[in-house]
Structure formats: C-alpha cells, structure tokens
Amino acid sequence: MHIWGANGTGKTTLLRVVCGLLRPEEGRVAWSGQSIDGVRTEYQAALAYVSHEPALKANLTALENLRYSVGLKRRVRDAELRATLEHSGVGACADLPARVLSAGQRRRVAMARVLAMRALLWLLDEPFTNLDAAGSALLLRMLEEHTGQGGLALVVAHRTLDLQRPIRRMELSA
Amino acid sequence: MNVGAWRAMRLILQRELCLGFRRPDQLLQPLMFFLIVTTLFPLALSPQLSLLRDMAPGILWVAALLSSLLSLETLFKVDADDGTLEQLALSAQPLYVIVIAKTMAHWLVSGVALVVMSPLVATALAIPVHAFATMMASLALGTLTLSWLGSIGAGLTVGLRRGGVLLSLIVLPLAMPMLIFGASATDRAIGGENPAGALYFLAALCVFTSSLAPLAASAALRITLE
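A quick note: this is a predicted structure, and the numbers were derived from the prediction, not measured. (Residues numbered from 1 in each chain as written. Chains lettered and ligands numbered in written order. Predicted model: local features only at pLDDT ≥ 70, side-chain atom pairs only at ≥ 80, totals over all residues.)

Caption draft 1: Spatial organisation of the overall build of chain B. Within chain B, the secondary structure is distributed over ten helices and zero strands. Order of helices (α) and strands (β) in chain B, N terminus to C terminus: α-α-α-α-α-α-α-α-α-α. Relative to the globule expectation of 17 Å for 226 residues, the C-alpha radius of gyration of chain B, 18 Å, shows essentially globular dimensions. With respect to the three principal axes, the spread of C-alpha positions in chain B is 60 × 30 × 30 Å. Burial status across chain B gives 50% buried among its 226 residues. (Helix = DSSP H or I, 4+ residues; strand = E, 2+ residues; numbered from the N terminus. Rg over C-alpha atoms; globule rule 2.2 N^0.38 Å. Buried ≥ 20, exposed ≤ 12 C-beta atoms within 10 Å, placed from the backbone.)

Listed below in structure tokens is the structure:
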C-alpha cells in the first residue's frame, strides 16, 4: 500500500501507530485478527520498520549494525548478512563504520536490514530519500519481489511507485 | 527461528561493549572526573592525614556517585537520537531484556573501571590498604545499584533535550541509602571494625533494584517512545 499526502498529514504517525510505537487514540491495530498488544512478540518478529533515519550506529560497521539488529529477530550468519549487503549494492562498505558512509549508502544498509529480517510486513517511511536512480530502481525491485512472494508493504512516499502489480493508494489529508 | 532472551541479551551486551570501547573518551571522562574531584579535596582541605582519613569514605562515595551519573545520561539517549532505540523496541524482544543488557553493559564499562581505579584514589585520601577490599566491594555493589537506579531516570529523561539535571534530581535522592551504607562500610573497614552489616545491606539494595528497575525503566521507555 502506498501512503501519500501533504506534509503534516500524519503519514509517519500512521506508520508509528501501525508498528506499535504509538497508541491509537481510536480504533485498534490488529495482526492475524488479534490486537497487537496481545501478540506483540509475534507481530514484531513479522515486521520490519525503517523510519526517516536509517537508524544505524555511527561507530559500528555496516555488517555489525546488521548483526546486532537482525540478530535480535532471528539467528543469522555474517556470511548471509554480507550477501544481503552485496545485494543492496553496499557489499564493499560492510566493514566500514556507518559514520563514513554517505546518506544514500546508509539508506541502502537500512534496506539490507529490512531484507535480512525476512519480515512479512515492511513499514517504510520515505525510503527513497537520498537514493540515486539505481538505488530507487533496486528498492522498487525489492518491493516487487517482496509483494510477489506474498509480503505486505506500507510505503510512505512522495513519488509514484511504478510496480508491475496493482497497489492500493491511500491519501491522507489534514 | 526466534531468538531467545539470553541470546538477545548477549548480543546487546556485545554491541554496547563494542560501542563503549570504540569511544574511549566517553569511557575515560567519568573516570578522569572521579580522579580529579577526589584529588581536589586534599588540596582544598588540609593535607593532614587524620582529617583526610576521616573524610575519605564520604569524599570517595560522593565522587563515585557523581561520576557515575555523568555517563548515565547517555544510557538510552544516544540510541534514541540515532533511531536505534526504536529498532531495539521493535526487535521482538521484551523491553526489559534490552534494559537489563544495556544497564549491565553500562556498569561493566563505567562501574568496574571506577572500582579498579579506586585504590589509586584511596591512596591519595590516606585510606589504609587493609580497607581496600571492603571499599572495592562496596563500590562494586554501589555502582551497580546506581546503574539500575539510573536506568529508570535515563528512561524517563530520554526524550528531553537537557535531561542531565533532571536525571540527577531523580536518581540522587534514591541513591541516598546506598551512599550512607557504602560510606559506612568503608568507614568501618578503615577503623578496623566488621563492615559485614553495611555490605549486606548494600547487596540487598542491589538485588532489590536489579529486580525492579528493569521493569520500571522499560515502562518509562515505553512512555517516552510514544
């Protein structure tokens, strides 16, 4: 689902409510028919969230960043994480501290984290920010593959999502 | 395959220690503070050994308390600022597991270093060598207790721009019993008396805070994350 709308209409707030960081003032967020408060662990294991910031530790390498975040969700080997970084186009940066990476590279590392989590539900907040043309194309391909395999994705983006499959669009207004 | 709480705790501990040792300045600053504050007292008071020895436990403990507070402010704040705290909160691990691992790492990096350095400071304050073991044991228990108490304060103040002062206002009153019994254990050891009672009390405080603080701190974090 593609969420769009003008600045300040609550797109990020909506994503934060959906991932459980914020409580909804009205209504409830449900996963498999149950409120997420009751199935928090299962729900969190099934979701991958990327906020405005790539959420990387500046003093850890790209690989370590992935190891200590993905590793909390599932057992994963470094070789697999390296392969995922490679797939996201930042394989050469695996052993560089995140502070020396460019904004676009950090964004790609964050996408590698989403991939490596093997989550069913992707919640991406403006994932195209700082990505170059190749990066945007790669991200679209990832979304295509993910939804093709039955995955769900909620994407906040100001640009159009050119995917092969039909996508739902939700416009928020103030 | 899901990741168990122990494994998650080990991973976070590894992450924190790795980060701690990559930024040695953050590790050394509280230690230098401890060292400098304690050396100021002999200069400001008088170099009279008997007077120093009488005041040494108090000086040592207050300095240890203040220097531990210095590093507590960043316990969750750094992670909150770069967005990794949200990732940790969504990591399918209970928040208290994260709090326990981070607090233990904080103690291993700041508290243990302070305990190791305390004999040096104690020598400057004319504390006799036979009291070192008690002093170090009491400081070890005290700094651990303070890390637990501090985790609650750090959780509450994580969203504030200048949370440091508020953190001190929250944590210092709670740390008073620890200060009283910690200083008294050291004092008794210096006087050649049995410090066991005070040490037991410190140990009890440590167990009490370690069992309740993770729950309180994770509740505080949950509120501030919203």
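Caption draft 2: Region of interest: the nonpolar core. In terms of nonpolar packing, the biggest core is built from 115 residues, with A:Ala62, A:Val109, A:Val114, B:Leu60 and B:Leu202 touching the most fellow members. Element by element, the count of residues in this core is highest for helix α6 (residues 95–124) of chain B, at 14 residues. Ignoring any residue separated from it by four or fewer positions in sequence, one finds B:Leu202 in contact with B:Ser138, B:Leu141, B:Gly142, B:Met178, B:Phe181, B:Gly182 and B:Ala185. (Core = buried A, V, L, I, M, F, W, Y, C linked by C-beta atoms within 7 Å. Contact = placed C-beta atoms within 7 Å.)

Caption draft 3: Examining the environment of B:Lys102 more closely. Residue and element names in this part refer to chain B. You can see lysine 102 is positioned in helix α6. The spatial distance from the C-alpha of lysine 102 to the C-alpha of valine 158 is 14 Å, given a sequence separation of 56 residues. When sequence neighbours within four positions are dropped, the list of residues in contact with lysine 102 reads Ile12, Glu16 and Leu75.

Caption draft 4: Broad picture of the sheet that holds strand β6 (residues 152–156) of chain A. Residue and element names in this part refer to chain A. With parallel pairing, five strands are arranged side by side in an open sheet as β4-β5-β6-β1-β7. Looking along the sheet, the strands with just one partner apiece sit at the ends: β4 (47–50) and β7 (169–172). Ignoring which end each strand starts from, the neighbouring axes of this sheet average 15° apart. Bridging between strand β1 (residues 2–5) and β7 involves four bridges; their strand directions are parallel. Opposite isoleucine 3, over in β7, you have methionine 170 as the bridge partner. (Pairing = 2+ DSSP bridges. Axes fitted to C-alpha atoms, helices over the stretch in contact; angles between N-to-C directions.)

Caption draft 5: Structural detail: helix α8 (residues 164–174) of chain B. All names here are of chain B. All of the buried residues along α8 are Leu167, Ser168 and Val171. Mapping the buried residues of α8 onto a view down its axis gives an arc of 100°, with all of them on the same face. Exposed side chains of α8 directed beyond 90 degrees from the buried face belong to Val165, Leu169 and Pro173. Packed against the buried residues of α8 are α3 (49–72) and α7 (132–157). (Arc of directions from axis to C-beta.)

Caption draft 6: Main features of the interface of chain A and chain B. Opposite the 24 residues of chain A that make contact, chain B presents 22 residues. Counting only elements with at least two residues in the side of chain A that touches chain B, the list comes to α2 (40–46), β4 and α3 (62–70) of chain A. Tallied by class, the residues present in the side of chain A that touches chain B amount to eleven nonpolar, six polar and seven charged. (Nonpolar A, V, L, I, M, F, W, Y, C, P; charged D, E, K, R; others polar.)

Caption draft 7: A look at helix α1 (residues 11–19) of chain A. Buried within α1(A) are the following residues: A:Lys11, A:Leu14, A:Leu15, A:Arg16 and A:Cys19. Backbone geometry just after α1(A) places A:Gly20 at a positive phi near 95°.

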